[in-house]
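Below are the chains, spelled out letter by letter.
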Amino acid sequence: MINRQRIIDEFTCQASIDSPSFKEAAMAEYLEHRFKQLGGSVEFDDAGAVIGSNSNNMIIRFSGNKVGEPLLLSAHMDTVTPAENVEPVLNDGIFTSAGATILGGDDKSGIVEIIEALEVLHEQQIPHVPQEIAITIGEEQGLLGAKQLDFSQFKAKQGLALDTRGIDIVINRAPAANRFTIDIIGHEAHAGVCPEQGISAIQIASRAISRMELGRIDAETTANIGTIHGGLASNIIPGRVSLRGEVRSHNIDKLREQTEAIITIVEDEVSRAKVTIGDETKQATMALELHEDFSPMLVAEDAPILHLIQAAGAALQRPQKIEAAGGGSDANIFNGHGIEMVIMATGMEKVHTINEYISVDDMVKASELLVEIIRRA
Ligand SMILES: [Zn+2]
């Protein structure tokens, strides 16, 4: 039923079209042609101008030949870098990249599997409900494309994103995240001549960091200070340090508490750092930039979409494992807008590295599962 060679050809073609975030235009042009060939109606929004991409989110609709609520399928067309002149190589049924680039299976494997499923539905004349397909841009840069989608255009109440590693894995929960940049501003002074006139921003930062709870906080929550930049020279008391970090949690209250705890510690250390020069007192200050990155995702284990996927997996004698994700994806955004969306494994492996690979067998399996899901929807 699934056409293995067609999957090989489709993946080879898509992986050969470079589509790093913000430069998805060539990929979009190809996909528009490909989905129209399959009989879909293709539309673009105007998200590109907002997020700084040369393309837009693509929405494809297939009318279906069975009465029922549409099913939403989603994938993203952008990739991480290095993604210049990607050359996919197939060896013993495994795709890798030839050079020092990623392969782009994240998330082209998802798009390939959607296309193969549509081909099979059409060829086998399998009755199916209407499909709404969202192929987004800028996912890898913080779900930027999905955040710009007009959700009023979707009739679907449930769906799946094809966008995670492994096979026969379904993700039903993913954390929300806060990213932040904290600038600590002390006071510069010559370190050898008049150190008593300086306030060391590095010292404030290190005092604060040593008090923070970081790493895994509990089963649902993590926190990290990822970069620290500051200082000018060994003989200057540093006047400025910039910290960048994040907190993630499956629990929105814990996310807020943990983020606040970090900020409060910095505020405390900053407020204590002052120096008096003559009759003037100088006080350290800080500036905070807080980004709420995505809302959490939690699809209940008894949700219809999970029943549907479990039933499809059982029919193929491939039980589906339900897992939590460590990071956010477009599905967080869809769930935040009331569409129950889970994430399906596409076979992609070692993504976001130049050692990325994917097996053709797994793409065949994922396509087969998708056909079964759509048939039962
Ligand atoms: Zn992805």
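Provided above is the structure to which this section pertains.
Residues numbered from 1 in each chain as written. Predicted model: local features only at pLDDT ≥ 70, side-chain atom pairs only at ≥ 80, totals over all residues. Heavy atoms only, no water.

Describing the side chain of S109
Condition: The helix and strand labels rest on DSSP assignments: H or I over at least four residues marks a helix, E over at least two residues marks a strand, and numbering proceeds from the N terminus. Residue exposure (1.4 Å probe, protein chains only): buried if accessible area is under 20% of the type maximum, exposed if over 50%, otherwise partly exposed. For the purposes of these results, a polar contact is taken to be a pair of N or O atoms within 3.5 Å, where, inside protein, one atom must be able to donate a hydrogen and its partner to accept one; residues adjacent in sequence count only when each atom of the pair is a side-chain atom. Whether two residues are in contact is decided by their heavy atoms: any pair within 4.5 Å suffices.
Summarising the element assignment, S109 is placed in helix 4 (residues 105-123). On the basis of relative accessibility, which here comes to 0%, the residue S109 falls in the buried class. Separated by 2.7 Å, the side chains of S109 and T346 make a polar contact. Residues within four places of S109 in sequence aside, it is in contact with F11, G104, T346, M348, I358 and M363.

So, the pairing of strand 4 (residues 88-91)
Just so we agree on the cut-off: Being paired, for any two strands, means DSSP has found at least two bridges between them.
Where strand 4 meets strand 5 (residues 94-97), 4 bridges bridge the pair, whose relative direction is antiparallel. Counted as the bridge partner of V89 is T96 from strand 5. Adjacent in sequence and paired antiparallel, strand 4 and strand 5 are bridged by 2 residues, among which D92 carries a positive phi angle near 50°.

Focus: the coordination of the zinc ion
Under ideal tetrahedral coordination, the four donors around a metal are separated by 109.5 degrees; under ideal octahedral coordination, the six donors are separated by 90 or 180 degrees. Note the threshold: Counted as donors are the N, O and S atoms within 2.8 Å of the metal, or 3.2 Å for Na, K and Ca, while water is not among the atoms, so some sites may look incomplete.
Within the protein, the zinc ion binds to H76 (NE2), D106 (OD) and D163 (OD); these donor distances fall in the range 2.0 to 2.2 Å. Sequence spacing among the residues donating to the zinc ion works out to H-x29-D-x56-D. Of this pair, D106 sits in helix 4 while D163 sits in strand 7 (residues 158-164), and the two are 57 residues apart along the sequence. Of the two residues, D106 and D163, neither departs from the other in class, the shared state being buried.

Overview of the sheet that holds strand 21 (residues 358-359)
Read across the sheet, 3 strands follow the order 4-5-21 without closing on themselves; strand pairing throughout is antiparallel. Whereas interior strands pair on both sides, the edge strands pair on one side only; in this sheet they are strand 4 and strand 21. Pairing of strand 5 with strand 21, which is carried by 2 bridges, proceeds in the antiparallel orientation. By the bridge assignment, F95 is partnered in strand 21 with I358.

A word on the packing of helix 4 against helix 10 (residues 360-376)
Stated precisely, the cut-off is as follows: Angles here are taken between N-to-C directions and fall from 0 to 180 degrees, while the axes themselves are lines fitted to C-alpha atoms, restricted in helices to the stretch in contact. An angle below 35 degrees is treated as roughly parallel, one above 145 as roughly antiparallel, one from 65 to 115 as roughly perpendicular, and anything else as oblique. Crossings are classed by handedness, with left-handed meaning an anticlockwise turn of the near helix from the far one by less than a right angle and right-handed meaning a clockwise turn.
Running from amino to carboxyl end, helix 4 crosses helix 10 at an angle of 55°, the nearest separation of the two axes being 9 Å. Overall, the two elements helix 4 and helix 10 adopt an arrangement that is oblique. The element helix 4 and its partner helix 10 pack so that their crossing is right-handed. Here S109, V112, E113, I114, E116, A117, V120 and L121 of helix 4 come into contact with helix 10, specifically with D362, M363, A366, S367, L370, V371 and I374.

Topic: helix 10
Definition in use: Helix span, expected: 1.5 Å multiplied by one less than the number of residues in the helix.
Taking 1.5 Å as the rise per residue, helix 10 with 17 residues should run 24 Å; its terminal C-alpha atoms sit 25 Å apart, in good agreement. For helix 10, the buried fraction is high: 12 of the 17 residues fall into the buried class.

Here's the deal with the nonpolar core
To keep it simple, the criterion reads: The criterion is simple. A nonpolar core is a set of buried Ala, Val, Leu, Ile, Met, Phe, Trp, Tyr and Cys residues joined through side-chain atoms within 4.5 Å.
Counting residues in each nonpolar core, the largest one holds 61 residues, and the members touching the most others are L31, F35, I135 and L160. At 9 residues, the largest contribution of residues to this core is made by helix 10. In this structure, I59, A134, I169 and F334 belong to the second largest nonpolar core, which totals 24 residues.

What about the sheet that holds strand 14 (residues 240-249)?
Read from one edge to the other, the open sheet built from 5 strands follows the order 11-12-14-9-17, with strand pairing classed as antiparallel. The open sheet has two free edges, formed respectively by strand 11 (215-218) and strand 17 (285-294), since each of these has just one partner strand. In this sheet, neighbouring strand axes are inclined to one another by 20° on average, regardless of whether the strands run parallel or antiparallel. Contacts from helix 6 (residues 201-211) reach strand 9 (176-185), strand 12 (221-230) and strand 14, with the element oriented near 20° to strand 14. Along the sheet, helix 7 (residues 252-272) makes contact with strand 9, strand 11, strand 12, strand 14 and strand 17, crossing strand 9 at roughly 5°.

Quick word on the pattern of salt bridges
Condition: Criterion for a salt bridge: a side-chain nitrogen of Lys or Arg within 4 Å of a carboxyl oxygen of Asp or Glu.
One pass over the full model with this rule turns up 23 salt bridges. A salt bridge links E246 to R248; the nearest nitrogen and oxygen atoms lie 2.8 Å apart. Residue R248 is classed as partly exposed on the basis of its relative accessible area of 24%. Residues participating in the shared-partner salt-bridge network are R6, E10, R34, E116, E119 and E123.

A closer look at the environment of M344
Structurally, M344 can be placed in strand 20 (residues 340-345). A residue is classified by how much of its surface remains accessible, and M344, at 1% relative accessible area, is buried. A C-alpha to C-alpha distance of 6.1 Å links M344 and A161, two positions 183 residues apart in sequence. Not counting residues up to four positions away in its chain, the partners in contact with M344 are L160, A161, L162, D163, T164, I169, A366, L369, L370 and I373.

Shape descriptors only; they carry no functional weight alone.
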